[in-house]
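Coordinates in review
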Amino acid sequence: MSEDLSIVHGNKQGQYENLLPQIKGLLDGEPDLIANLANMAAALKEQFGWFWVGFYLVKNDELVLGPFQGPVACTRIKKGRGVCGSSWQDAKTLIVPDVEKFPGHIACSSLSKSEIVIPLFKNNEVVGVLDVDSDILNDFDETDQEYLEKIVTLINL
Ligand code: SME
C-alpha cells in the first residue's frame, strides 16, 4: 500500500473503521515487531492527534518503553505501578477518565489528563501494553476499547 495515511473526520467509530484496514495494510507482510509497533503508533497519532501513543514491552519482569509518538516518557514501569503496570497485572484494559484520580498514576507529563491502556497478549500472557494519553479529560470510552483491542490483535507478537 502507499505510505500515505488517509485521514477522516467525524465520529470516532468512522475514524477507526477507516483506519483499521490501513493499519492491516501497513503490517501486511512485515515480520519485524518494532517496525510494526512504530507504524501503528504513528498511524494512531496521525488519525486521532492524541497527546501520546506508544508501547511498553515486558522485559525481565518490567515494562520497558517501546516505539511511541509524543513527548519523551518514562522508560521503565514495574508490575502493578501506574495505569500501565496495573493493566499488565490485571491483564485487562483500563480506561482512566481523570488520571489525577487514579492512585499511583505515573505522570510522564502534567498535560496528560485521561488515559487508556490495552494489554498485549501472547499465549494468554501479557507481553506488553498499548498506552494512549490524551490532554482532554474523559477522552476514552468503550468505542476506543473495542477498536484498540481489535487493532492490537493485528500485531504478530
Ligand atoms: N501514565 C502512565 C505512564 C506512561 S506515560 O503516560 C507515557 C502510567 O501511569 O502507567
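Coordinates for the structure precede this section.
These notes cover the structure that comes with them. Just so you know, these numbers come straight off a predicted model, no measurement behind them. (Residues numbered from 1 in each chain as written. Predicted model: local features only at pLDDT ≥ 70, side-chain atom pairs only at ≥ 80, totals over all residues. Heavy atoms only, no water.)

Describing the sheet that holds strand 6 (residues 125–134)
Judged by pairing direction, the sheet is antiparallel, and its six strands sit side by side in the order 3-2-1-6-5-4 without closing on themselves. Looking at which strands have only one partner, the edges of the open sheet turn out to be strand 3 (76–78) and strand 4 (94–96). Taking each pair of neighbouring strands and ignoring which way they run, the sheet shows an average axis angle of 25 degrees. The pairing of strand 5 (residues 114–122) with strand 6 spans nine bridges and is antiparallel. (Pairing = 2+ DSSP bridges. Helix = DSSP H or I, 4+ residues; strand = E, 2+ residues; numbered from the N terminus. Axes fitted to C-alpha atoms, helices over the stretch in contact; angles between N-to-C directions.)

Some details on the packing of aromatic side chains
Under the defined criterion, the tally for this structure stands at six aromatic pairs. On the basis of an interplanar angle of 55 degrees and a centroid distance of 5.7 Å, the ring pair of Trp50 and Phe140 is categorised as tilted. One end of the pair, Trp50, is in the loop between helix 2 (33–48) and strand 1 (52–59); the other, Phe140, is in the loop between strand 6 and helix 4 (142–152), with 90 residues separating them in the sequence. A relative accessible area of 5% places Trp50 in the buried class. Both rings, one in Trp52 and one in Phe68, keep their centres 5.2 Å apart while their planes meet at 20 degrees; by these two values the pair is stacked. Separated by 16 residues along the polypeptide, Trp52 in strand 1 and Phe68 in strand 2 (residues 62–69) bring together distant segments of the chain. (Phe/Tyr/Trp six-rings, centres within 6.5 Å; stacked < 30°, edge-to-face > 60°. Buried < 20%, exposed > 50% of the residue type's maximum accessible area, 1.4 Å probe, protein only.)

Details of the site of the ligand
Taken together, 13 residues are adjacent to the ligand, and Val83, Cys84, Ile106, Cys108 and Asp133 come closest. The separation between a nitrogen atom of the ligand and a polar main-chain atom of Ile106 is 2.8 Å. In this structure, Asp131 approaches the ligand through a side-chain N or O atom, which is 3.5 Å from an oxygen atom. Cavity membership is defined here by more than half of the atoms lying within 2 Å of grid points; on that basis the ligand lies in the largest cavity. Residue assignment for the shell around the ligand shows that the elements contributing at least two residues are strand 1, helix 3 (82–90) and strand 6. For the shell around the ligand, the element with the highest residue contribution is helix 3, accounting for three residues. (Near = heavy atom within 4 Å. Polar contact = N/O pair within 3.5 Å; in protein donor to acceptor, adjacent residues only side chain to side chain. 1 Å grid on protein atoms, 1.4 Å probe; cavity = no way out; pocket = protein on both sides within 12 Å on 5 of 7 lines; lining within 4 Å. Sits in = over half its atoms within 2 Å of the grid points.)

Some points on the pattern of salt bridges
Going through the model one piece at a time under the given rule, you end up with five salt bridges. In this structure, the salt-bridge partner of Asp141 is Lys12, at a minimum N-O distance of 3.4 Å. Of this pair, Asp141 sits in the loop between strand 6 and helix 4 while Lys12 sits in helix 1 (residues 12–27), and the two are 129 residues apart along the sequence. For Lys12, a relative accessible area of 24% translates into the label partly exposed. In this structure, Glu62 and Lys78 form a salt bridge, with 3.0 Å as the shortest nitrogen-oxygen distance. Remark: Lys78 occurs in strand 3 and Glu62 occurs in strand 2; sequence separation between them is 16 residues. According to the relative accessible area criterion, Lys78 is partly exposed, its value standing at 48%. (Salt bridge = Lys/Arg side-chain N within 4 Å of Asp/Glu carboxyl O.)

Function-wise, these values are silent; they only describe arrangement.
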